[in-house]
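This is what each chain is made of:
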Amino acid sequence: MSALLDVQGLSKRYRRGDKEFAALDGVSFSIASGETLALVGPSGSGKSTVARILLRLVEPDGGGARFDGEDLLALRGAALRAIRPKLQMVFQDPLAAFNPRAAVARLIDDPLRIHGIAGRAARPGAIAALLERVGLAPELAGRRVHEISGGQRQRVAIARAIATRPRLIVLDEAVAALDVLVRGDILRLLMELQAEEGIAYLFISHDLGAVRAIAHRIAIMDGGRVVEQGEARAVIAAPASAIGRALVAATPELPKFRETAS
Amino acid sequence: MSALLELRGLGVRYSGAATAALEGVDLALAAGERLAVIGESGSGKSTLARAIAGLLPRTARLHGTITWPGLDHPARNGRDIGFVFQDPGSSLDPVMALGDQVAEVAHANLDMGWRAARRLAVELLDRVKLPEPAALARAYAHQLSGGQKQRVAIAAAIVARPKLLIADEATSALDTIVQAEIVALIRALVTEDGMALIFVSHDIGLAANLADRIAVFRHGRMVEQATTAALVARPRTDYSRALLVAHLGLEA
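Reading the values: the criteria
Residues numbered from 1 in each chain as written. Chains lettered and ligands numbered in written order. Predicted model: local features only at pLDDT ≥ 70, side-chain atom pairs only at ≥ 80, totals over all residues. Heavy atoms only, no water. UniProt positions renumbered as here; feature names shortened; annotations may be inferred. Helix = DSSP H or I, 4+ residues; strand = E, 2+ residues; numbered from the N terminus. Rg over C-alpha atoms; globule rule 2.2 N^0.38 Å. Buried < 20%, exposed > 50% of the residue type's maximum accessible area, 1.4 Å probe, protein only. Contact = heavy atoms within 4.5 Å. Pairing = 2+ DSSP bridges. Axes fitted to C-alpha atoms, helices over the stretch in contact; angles between N-to-C directions. Phe/Tyr/Trp six-rings, centres within 6.5 Å; stacked < 30°, edge-to-face > 60°. Lys NZ or Arg CZ within 6 Å of the ring centre and 35° of its normal. Expected span 1.5 Å × (residues − 1).

Going by what an unreviewed UniProt entry lists, chain B is known as Peptide/nickel transport system ATP-binding protein and is assigned to Aminobacter aganoensis. What the UniProt record of chain B gives under Sequence similarities (unreviewed entry) is the line "Belongs to the ABC transporter superfamily." Listed in UniProt under the heading Subcellular location (unreviewed entry), the comment for chain B reads: "Cell inner membrane".

An unreviewed UniProt entry lists chain A under the name Peptide/nickel transport system ATP-binding protein, with Aminobacter aganoensis as the source organism. The record in UniProt for chain A states the following under Sequence similarities (unreviewed entry): "Belongs to the ABC transporter superfamily."

Q: Is there a simple way to think about the overall build of chain A in this case?
A: Helices and strands together make up the secondary structure of chain A, namely 10 helices and 10 strands. The globule rule puts the C-alpha radius of gyration for 262 residues at 18 Å, and the 19 Å found for chain A is close to it. Over its C-alpha atoms, taken along the principal directions, chain A stretches across nearly 60 × 55 × 45 Å. Expressed as a percentage of the 262 residues in chain A, the buried residues total 51%. The long-range share in chain A, meaning contacts at least 24 apart out of those at least 6 apart in sequence, stands at 65%.

Q: What am I meant to see in the sheet that holds strand β8 (residues 200-205) of chain A here?
A: In any sheet, the strands associate via hydrogen bonds between backbone groups, in a parallel or an antiparallel arrangement. Residue and element names in this part refer to chain A. If you trace the six strands from one edge of the open sheet to the other, you get β6-β7-β8-β3-β9-β10, paired in mixed fashion. Each edge of the open sheet carries a strand with a single partner, namely β6 (87-90) and β10 (225-231). The mean inter-strand angle of the sheet, taken between neighbouring strand axes irrespective of direction, is 20°. By the bridge criterion, six bridges tie strand β9 (residues 217-222) to β10 in an arrangement that is antiparallel. Bridging across to β10, Ile218 finds its partner in Gly230. Each of β3 (36-40), β6, β7 (168-172), β8 and β9 touches helix α1 (residues 47-54); the most contacted strand, β8, lies at about 145° to it.

Q: How do you make sense of the UniProt feature "domain: ABC transporter" (unreviewed entry) in chain B when you look at a structure like this?
A: The sites that carry the UniProt feature "domain: ABC transporter" (unreviewed entry) are, in the present numbering, residues 7-244 of chain B. With 39% helix and 24% strand, residues 7-244 of chain B has end C-alpha atoms that lie 26 Å from one another.

Q: Honestly, the packing of aromatic side chains in this entry has me stumped. Any pointers?
A: What describes a pair of aromatic rings is the distance from one ring centre to the other and the angle between the planes of the rings. The final tally for this structure, using the stated rule, is two aromatic pairs over all chains. Note on Tyr14 of chain A and Phe21 of chain A: the rings are 6.3 Å apart at their centroids and 40° apart in plane angle, and the pair reads as tilted. You can call Phe21 of chain A partly exposed: its relative accessible area is 34%. The interplanar angle of 40° and the centroid separation of 4.6 Å between the aromatic rings of Phe83 of chain B and Phe85 of chain B together place this pair among those described as tilted. On the basis of relative accessibility, which here comes to 27%, the residue Phe85 of chain B falls in the partly exposed class. Over the ring of Tyr14 of chain A we find Lys12 of chain A; its NZ or CZ atom is 5.3 Å from the centre of that ring.

Q: Explanation requested: the side chain of Thr228 of chain B in the structure shown.
A: Along the chain, Thr228 of chain B turns up in helix α9 (residues 228-233). The residues touching Thr228 of chain B, leaving out its near neighbours within four places in the chain, are Phe257 of chain A together with Ala208, Ala211, Asp212, Arg213 and Ile214 of chain B.

Q: Can you walk me through helix α6 (residues 146-158) of chain B in this structure?
A: Helical periodicity: at 3.6 residues per turn, an α-helix aligns residues three or four positions apart in one direction. All names here are of chain B. Taking 1.5 Å per residue as the helical rise, α6 with its 13 residues ought to reach 18 Å, and the 19 Å between its terminal C-alpha atoms agrees with that figure. Across the 13 residues of α6, 11 count as buried, placing the element largely inside the fold. Every buried residue of α6 is listed here: Gly147, Lys149, Gln150, Arg151, Val152, Ala153, Ile154, Ala155, Ala156, Ala157 and Ile158.

Below you can see the structure in the form of structure tokens.
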């Protein structure tokens, strides 16, 4: 099976004062259609730099990425705009990512209009259908972003992302700021959408519990390199890298108490 | 064990708010006890922590009583209570040397001269396991990582040897590995100093590994409190059970 996204040898150096350091140093991985790859690692390991390069917000110093048969990093102008709908993003904090005073309908209308997904007359119906698709009442369309809860906002962000029928969504710490019960609901919603529409996810997180729930495979990053990758449950059960072992050891487990404990 | 702190019918309503942030809380904390306060956004857990530490805004209305049977004077934040906030980036002064920020707490609360307070600050920076504490005392917050800043905030919180340490989501802005290190540090410090701990968190897994007792809050009310073992093995409310089920661990 050919990969939907194939990343080879990405590197990126930043200057801090007169010192240079490698944010990414030869990062390679691939994601198949309908697959979830988790990119896991401590703060500063380079996870978000990978996301920014794939979204073409940052130019890498070296390496390449093929997405859906195209040389993603070489695309310019109209060709880049043409591929944008296939590659979407959901951030940690939708309140920071969106204009807080915008109405929910406007946020979902934008991609439909900009990418010509639905004509003017069809858009209100398409917005309502997308809201229902992510488990929100269509009446929410008239509310402003700052008036709805964090979980509802993240559902709106997902509705906006799936509006363009993407092949891949980059989820950058997308459940990290949510309450625990809401986090479970959003993970379930993401898995449902994937099962029904075959969307692939790049799930960027430092939360191995959430990763174990959603990801098929894991790539563990440390210091700008992928130090280990493999099937999610196998890596979590027996991490080979030092940082993988540290992440597993640091993930809190509910203590086991006998039923007779009081 | 003797009670350090007793709350009776505690309620808090913020100015202009339609509903109470906290209502009817009865809770006692023994000297040296480790209590976790668990809840989601809007549960009232941070309001509870701030009410105990006297950190509510002046316009908030407080009902019920907060008494300190374990102290012979009214509790004062800084001296009797150490408070660690979620975001060390905003709780530390960006333009004051880190050592001075710890020394200031000792100077203000321990009737200590600046020279002695600065020496004590370096000892505390060492105690929270920061490297090269003497040099670090002269550094500024922006030079540190998030985890290191939280260590400085903890040093400032415990320098006056409080009877109670309150950590309000003190590890939730940190990545998993740093979070585990900070939890281990808090555990070691409260054990060594015999401090009581109120650990406010949304993460029941993290709390269960640290606390003797867990109080679960929802919509401003305490829905359940029990020893950690009882709450984890036999939760009495559906809400506590839902929180336990929602915990995503690594075991099948």
